[in-house]
Each structure stands twice: as structure tokens, then as C-alpha cells.
Amino acid sequence: MILGIESSCDDTAAAVLRGREILSNVVSSQTDLHADFGGVVPEIAARAHVEKLDLCVEQALAEAGVTLAEVEAIAVTAGPGLIGGVMAGVMCAKGLALAAAKPLIGVNHLAGHALTPRLTDAVQFPYLMLLVSGGHCQFLRVDGPERFTRLGGTIDDAPGEAFDKVAKLLGLPQPGGPSVEAEARNGDPTAFAFPRPLLDRPGCDLSFSGLKTAVLRARDAALVDGALPRAIRADICASFQASVAATLAEKSRRALALCPDATCVAVAGGVAANGTIRAALEDVTDRPFLAPPLRLCTDNAAMIAWAGSELFAAGHRDGMDLAPRPRWPLDSTASPMLGSGKRGAKA
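Let us look at the structure shown here. In this text, all values refer to a predicted model and were calculated from it rather than measured experimentally.

It is worth spelling out the overall build of the protein at this point. Within the protein one finds 11 helices and 12 strands. Since a compact globule built from 347 residues should have a radius of gyration of about 20 Å, the 20 Å found for the protein is in line with a globular shape. Oriented by its inertia axes, the alpha-carbon framework of the protein measures out at about 65 × 45 × 40 Å. Across the 347 residues that make up the protein, the buried fraction comes to 54%. When the accessible surface of the protein is split by element, carbon and sulfur atoms take 53% of a total near 14,400 Å². The protein carries 32 positive and 38 negative side-chain charges, and their two centres are separated by 5 Å.

This paragraph deals with the pairing of strand E4 (residues 73–79). Successive residues of a regular strand alternate their side chains across the two faces of the sheet. Most of E4 is tucked away: seven of the seven residues are buried. Two elements, strand E1 (residues 2–6) and E4, share four bridges in a ladder whose sense is parallel. By the bridge assignment, Ile5 is partnered in E4 with Val76. Judged from the five bridges that link them, E4 and strand E5 (residues 104–108) form a sheet pairing that is parallel. Across the sheet, residue Ile74 finds its bridge partner in E5, namely Leu104.

This part is about the nonpolar core. If you look at the biggest cluster of nonpolar residues, it comprises 44 residues, and the most contacted ones within it are Leu130, Val180, Phe194, Phe240, Val244, Leu248 and Ile277. Those elements giving two or more residues to this core turn out to be strand E6 (127–132), strand E7 (137–144), helix H6 (159–169), helix H7 (176–184), helix H8 (209–222), helix H9 (230–257), strand E9 (265–268) and helix H10 (275–282). The dominant element in this core, judged by the number of residues it contributes, is H9, at 10 residues. In contact with Val244, other than residues within four places in its own chain, are Pro159, Phe163, Phe208, Leu211 and Ile277. Among the nonpolar cores identified, the runner-up in size contains 35 residues, and Ala73, Leu110, Cys264 and Met303 belong to it.

Time to look at the side chain of Lys212. Here Lys212 shows up in helix H8. Assessed through its relative accessible area of 18%, Lys212 is described here as buried. Filtering out sequence-adjacent residues up to four positions away, Lys212 remains in contact with Asp157, Lys165 and Leu169.

Centre distance and the angle of the planes are the two values used to describe a pair of aromatic rings. Under the criterion given, the structure shown has three aromatic pairs. With a centroid separation of 5.9 Å and an interplanar angle of 10 degrees, the aromatic rings of Phe125 and Tyr127 are classed as stacked. Owing to a relative accessible area of 25%, Phe125 belongs among the partly exposed residues under this scheme. Overall, Tyr127 belongs to the buried group, its relative accessible area being 0%. Residues Phe192 and Phe194 carry aromatic rings whose centres are separated by 5.6 Å and whose planes lie at 10 degrees to one another, so their mutual orientation is stacked. Exposure remark for Phe192: the relative accessible area of 23% places this residue in the partly exposed category.

In this section: the sheet that holds E1. Read across the open sheet, the five strands follow the order E3-E2-E1-E4-E5; overall the sheet is mixed. A strand with exactly one partner marks an edge of an open sheet, and here the two such strands are strand E3 (21–29) and E5. Adjacent strand axes in the sheet meet at a mean angle of 20 degrees when their direction is disregarded. One ladder, built from five bridges, connects E1 with strand E2 (residues 11–18); its direction is antiparallel. Of the residues in E2, the one forming a bridge with Glu6 is Ala13.

An ideal rise of 1.5 Å per residue puts 26 Å on 18 residues; helix H3 (residues 83–100) measures up with 26 Å between its terminal C-alpha atoms. Turning to H3, its buried residues are Gly85, Val86, Ala88, Gly89, Val90, Cys92, Ala93, Lys94, Leu96 and Ala97. Among the structural elements, E1, helix H2 (42–64), E4 and E5 are those in contact with the buried residues of H3. Ala101 lies just past H3 and shows a positive phi near 55 degrees.

What counts, and where the lines are drawn
Residues numbered from 1 in each chain as written. Predicted model: local features only at pLDDT ≥ 70, side-chain atom pairs only at ≥ 80, totals over all residues. Heavy atoms only, no water. Helix = DSSP H or I, 4+ residues; strand = E, 2+ residues; numbered from the N terminus. Rg over C-alpha atoms; globule rule 2.2 N^0.38 Å. Buried < 20%, exposed > 50% of the residue type's maximum accessible area, 1.4 Å probe, protein only. Areas by Shrake-Rupley, 256 points an atom, 1.4 Å probe, with all protein chains shown as cover. Lys, Arg positive; Asp, Glu negative; His and termini not counted. Charge placed at Lys NZ, Arg CZ, Asp CG, Glu CD. Pairing = 2+ DSSP bridges. Core = buried A, V, L, I, M, F, W, Y, C linked by side-chain atoms within 4.5 Å. Contact = heavy atoms within 4.5 Å. Phe/Tyr/Trp six-rings, centres within 6.5 Å; stacked < 30°, edge-to-face > 60°. Axes fitted to C-alpha atoms, helices over the stretch in contact; angles between N-to-C directions. Expected span 1.5 Å × (residues − 1).

Purely spatial values, then, with no claim about function.
Structural data, given as C-alpha cells:
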């Protein structure tokens, strides 16, 4: 039985797992705190995590019907993410582990997403994972809980970041993913011929910055007396979403060709909640396609607890010197895609 803690961005979460059984999965959202700022404010997020972490842990234990003494280990997101939030979670986990004399396990947040199909469907290694979220987009061959090979990824904006920026350009509320998807339901996905970035080049790398610029130009050209008609905004959203879906689908085909022995194709991360994108990816292959339940697509502590349990079973333990990391690539052998600095490779 594992207690998981997640605080890498703007959701404070705690969960208790017994094997693959999710006994509790508590998520405290900060959406309202950041609504007026058009995005997540790191300082506000960090303070909110400090205020909510102990309450979420207490609620998770209560809903699971267990005490901290009954938990075998404590797993916590140790990176990557907004450093203030990651620090808050790591310090909370250290305090609990020290006080209750429990093993501490630092988990890579991206590994939590990438291993989610093992939690939900008990898939076998190796499998192909498209990790697509607000800050990350990577194709990964997953051979074990600590064995990830990056086949490609975004060289600029991640899809979730592009959704957020497009929503802001069109005057839609944050987070941008659900807002754009809801608006797109009333639009024509063929109304605008937006580009499918990098499809004219070989490989599995992605780029969404130019697509965002194309949306900006389409918006400016459609303004009437300084305002964007609602119908045109819906068409822009639908066309943008269709371009992202088509691009991800084609790149997934290429990634799958590099993994002929993959047991399945899986998708995880916040953008995996988008229905149009899920449908496009499902058509990529005749092999099993797995997408987690929507509640496990976005940031949650159940995935951290599961990743922690896999590491725990492999004998992994961390000490009180566990350091929070703002950057933590899953494939440490791959060349940085977005550059690197004193804090390490960005992705």
C-alpha cells in the first residue's frame, strides 16, 4: 500500500493505492486562483500547495480507510515541474516519512504519466507511449519503470501549451484545452487550412509554435470592428484542434514503425483528455490502443503512487537528501531537445 503525493504544477493531490486498486485519489484544483492571470502563477501555486498538502493527505487516508502507519511507503513527485510546488511536495513527504519511519520514493512526474497504462490495464513491456501534456510532448518506448527511450518530441511549444496560448488569443478562459475543445464542437474543422507542422520532414519530432502563429493571423484577418465573431472563433478552434490531432496521429504512425514489438500504443497526459485527439490516435494502429480514464489523464497522485510502487518493488529507496528537480528528462541519454543549463536539460 503506497501513499502518493503530487504538486508539480497547479493541482495538489494525494492518493492511496493497494496494488492496482485506487483506494482514494484526492485532487485540489487551483484553477480559480489563477483564472485572472491567464495562466499559472508559480508563486501563487507554491503557496496554495503549502496550504493544501496536509489536508489532501489527510483526506486521502480517510477516504481509503487507512492510517499512515498502515502505508508501506510514501511516493512523491520530485520533478520536473514548478520548483516551488515540487519543493512543497517533497518536504511534506519527507516529514511524513521521517515521522512515520516509512521509506521515501522520489518519482519523476513524467514517469507517472508514462506508467499509467500499467496501472489501468496491466500492460506488458515494451509499449509505445505518447506523453502529451501542458508542458511536455514526447514519444517514448517504455521498457521498464526506469527505462525510457525518447523517439521524438516537441522542439518548441507542447500541445497543451499551444492550446492555452490559442485560448488566450481567442479570449477563452484558462485552462485552454477544455475551453478550445468546447468551442470547437460548434465549429467546422475544415474552415481554416492550418499547417500540419513538420510532416514534410522525417522523424517523430513535433512543433506547434508556427501553428499558434497561424491561428493569430487567422484571428486578426477575421476581426470585425475589433471583435471576433463567435462562429468564426468556433471554426478557428475546430480547425486548430484538427491540425493538432492530424499531426499527432501521423507522428504516432512513424513512432510505431520504430517499435515493431510494442504490445500496445498508449497516450497519457492532460491533452489525452481531448476527445478529437484520442479518436485520431485510436485510428493509428490495429494494435491495442489505451487511453486512461479522464480523471487519470490530468495531474493526479494515483499515478505517482503507482510509479512509486513499481520503483519500490524494484528495491528503489531515497534518503532525506532527496532533492526537488525543476528539470528531469526521462531519457537521460538523449540529446536535449530544448537546450540545457545549470539546472540540466529542459527535455
